[in-house]
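The chain contents come next:
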Amino acid sequence: MILCFVLGILSFVFAGGFLLNNDPCSKCGEPIDVTLEAINEFRDPHFTISVKLEATYQRELILLLQEAAENDGHFNFTVSYHKSLGFMVQAINNTKTNFAEDGAFWQIFEYNPSVSVGSRHICYGVSTHRPNNGDIITFLFSNTTVSLAHCPDVVPTQ
């Protein structure tokens, strides 16, 4: 428990003045392998990037995004904080959400080849979702016609 507390103290992450990690044992989760990928085929410049995190600790997706950015200089992201929703991805590799202009935002899907037939839309975002071992988390830049129907109580912020 003391080790978890010390690791928690060392793992505090600040972004824009907000504490991202208030869980003292965020690095005490089970070791997992997880792949984070971002796909933008909606707006120029189009890109696909993938970062595999091996033997990382199971914890909130926002912390795994940070780890991916630290491990791969070609992967970057920005988030904004919303009191009722937590952190929302606003941009990946400088491709920014502009919901008012074209309805596009970063949607999140989860797929695990060992347990799933297809991908599952993650309705609640990076602040609370904890991927499992073997998961492939896909951030898809698209407009709302793709999958908002699966999450009727979630409305992207502008």
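The coordinates are above.
Undergrad: Hey, could you run me through the overall build of the protein in this one?
TA: From N to C terminus, the protein includes three helices and 10 strands. Looking at the 158 residues of the protein, the share that counts as buried comes to 44%. Carbon and sulfur atoms provide 55% of the accessible area of the protein, an area that totals close to 8700 Å².

Undergrad: I keep staring at the nonpolar core and nothing clicks. Help me out?
TA: The nonpolar side chains of a soluble globular protein tend to be buried with one another. Membership of the largest hydrophobic core comes to 27 residues, with the highest contact counts inside it found for Leu36, Phe75, Ile92, Val126 and Phe139. Listing elements by their share of this core, those giving two or more residues are strand E3 (31-40), strand E4 (47-57), helix H2 (61-71), strand E6 (86-92), strand E8 (104-111) and strand E10 (136-143). Of the residues forming this core, the biggest block, six residues, is contributed by H2. In this view, Val126 contacts Glu60, Leu61, Ile62, Leu65, Phe87, Val89, Ile108 and Phe139; residues no more than four positions away in its chain are not counted.

Undergrad: Teacher, can you tell me more about the pairing of E3 here?
TA: The side chains of a regular strand alternate, residue by residue, between the two faces of the sheet. Counting buried residues in E3 gives seven out of 10 residues, a clear majority hidden from the surface. A loop of six residues connects E3 with E4, the two strands running antiparallel in sequence. One ladder, built from six bridges, connects E3 with E10; its direction is parallel. Bridge pairing in E10 places Leu36 opposite Ile137.

Undergrad: How should I be thinking about the sheet that holds E6 in this particular structure?
TA: To summarise the sheet geometry, strands pair through backbone hydrogen bonds and adopt either a parallel or an antiparallel arrangement. Ordered in space as E5-E6-E7, the three strands form an open sheet in which the pairing is antiparallel. Pairing within the sheet leaves two strands with one partner each, and these edge strands are strand E5 (77-82) and strand E7 (95-96). Where H2 meets the sheet, it contacts E5 and E6, and its direction lies at approximately 155° from that of E5.

Undergrad: Explain the packing of aromatic side chains to me, please; I cannot follow it from the model alone.
TA: When we look at a pair of aromatic rings, we describe it by the centre distance and by the angle of the planes. In this structure the tally under the stated criterion is six aromatic pairs. Aromatic side chains Phe42 and Phe141 sit 6.0 Å apart centroid to centroid with 70° between the ring planes, which places their arrangement in the edge-to-face category. Of this pair, Phe42 sits in the loop between E3 and E4 while Phe141 sits in strand E10, placing them 99 residues apart in sequence. Looking at Phe42, the relative accessible area reads 32%, which means it is partly exposed. In this structure Phe141 comes out as buried when scored by relative accessible area, which is 1%. By way of ring pairs, the aromatic residues Phe42, Phe47, Trp106 and Phe141 are connected into one cluster.

Undergrad: Would you mind going over the pairing of E8 with me for this structure?
TA: Of all eight residues making up E8, seven are buried, and the element is well covered by its neighbours. Direction of pairing for E8 relative to E10: antiparallel, over a ladder of eight bridges. Paired with Ile108 across the strands is Phe139, a residue of E10. Looking at chain direction, E8 and strand E9 (residues 120-121) are connected through two bridges and run antiparallel. Directly across from Phe109, in E9, lies its bridge partner His121.

Undergrad: I keep staring at the sheet that holds E10 and nothing clicks. Help me out?
TA: Read from one edge of the open sheet, five strands run E4-E3-E10-E8-E9, paired in mixed fashion. The sheet is open, and its two borders are formed by E4 and E9, each paired with just one other strand. Docked against the sheet, H2 engages E3, E4, E8 and E10, running at close to 110° with respect to E4.

Undergrad: I keep staring at H2 and nothing clicks. Help me out?
TA: Along an α-helix, a turn takes 3.6 residues, which lines up residues three or four apart on a common side. By the burial criterion, the buried members of H2 are Leu61, Ile62, Leu63, Leu64, Leu65, Glu67 and Ala68. Taken together, the buried residues of H2 touch E3, E4, E5, E6, E8 and E10.

Conventions adopted
Residues numbered from 1 in each chain as written. Predicted model: local features only at pLDDT ≥ 70, side-chain atom pairs only at ≥ 80, totals over all residues. Heavy atoms only, no water. Helix = DSSP H or I, 4+ residues; strand = E, 2+ residues; numbered from the N terminus. Buried < 20%, exposed > 50% of the residue type's maximum accessible area, 1.4 Å probe, protein only. Areas by Shrake-Rupley, 256 points an atom, 1.4 Å probe, with all protein chains shown as cover. Core = buried A, V, L, I, M, F, W, Y, C linked by side-chain atoms within 4.5 Å. Contact = heavy atoms within 4.5 Å. Pairing = 2+ DSSP bridges. Axes fitted to C-alpha atoms, helices over the stretch in contact; angles between N-to-C directions. Phe/Tyr/Trp six-rings, centres within 6.5 Å; stacked < 30°, edge-to-face > 60°.

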